[in-house]
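Observations on the three-dimensional arrangement
Here's the letter readout for the chains.
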Amino acid sequence: MITYTPFWNTLKNSTETTYTLINRHHISSAIIDKLRKNKPMNTTTLNDLCRILDCQIEDICQYIPSDNDQKL
């Protein structure tokens, strides 16, 4: 499972807020909701967040093995 827990720590340590992400950087509120609920999102959005927050992908998300993962 992909979790966005690192994103919230990165955001907290940055000068940005969810308000500035939405209003200054045009990140939709739906994306913020996906981050809150650990829902899938595309790599373009992850790229945008890394660029805005000047961070690496591991500062946004991480993979945690789960028994609920889709079977391959």
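An account of the accompanying structure is given in this report. (Residues numbered from 1 in each chain as written. Predicted model: local features only at pLDDT ≥ 70, side-chain atom pairs only at ≥ 80, totals over all residues. Heavy atoms only, no water.)

Points about helix H4 (residues 43-53)
Quick reminder: α-helices carry 3.6 residues per turn. Residues three or four places apart thus point the same way. Buried within H4 are the following residues: Thr 45, Leu 46, Leu 49, Cys 50, Ile 52 and Leu 53. The arc that holds the buried residues of H4, viewed along the axis, is 165°, so those residues lie on one side. Away from its buried face by more than 90 degrees, H4 exposes Thr 43, Thr 44 and Arg 51. In this structure Asn 42 caps H4, since a side-chain oxygen of it lies 3.0 Å from the backbone nitrogen of Thr 44. Of the residues trailing H4, Asp 54 is marked for its positive phi of about 50°. (Buried < 20%, exposed > 50% of the residue type's maximum accessible area, 1.4 Å probe, protein only. Helix = DSSP H or I, 4+ residues; strand = E, 2+ residues; numbered from the N terminus. Arc of directions from axis to C-beta. Polar contact = N/O pair within 3.5 Å; in protein donor to acceptor, adjacent residues only side chain to side chain.)

So, to be careful, I would describe these as geometric facts and stop short of saying anything about function.
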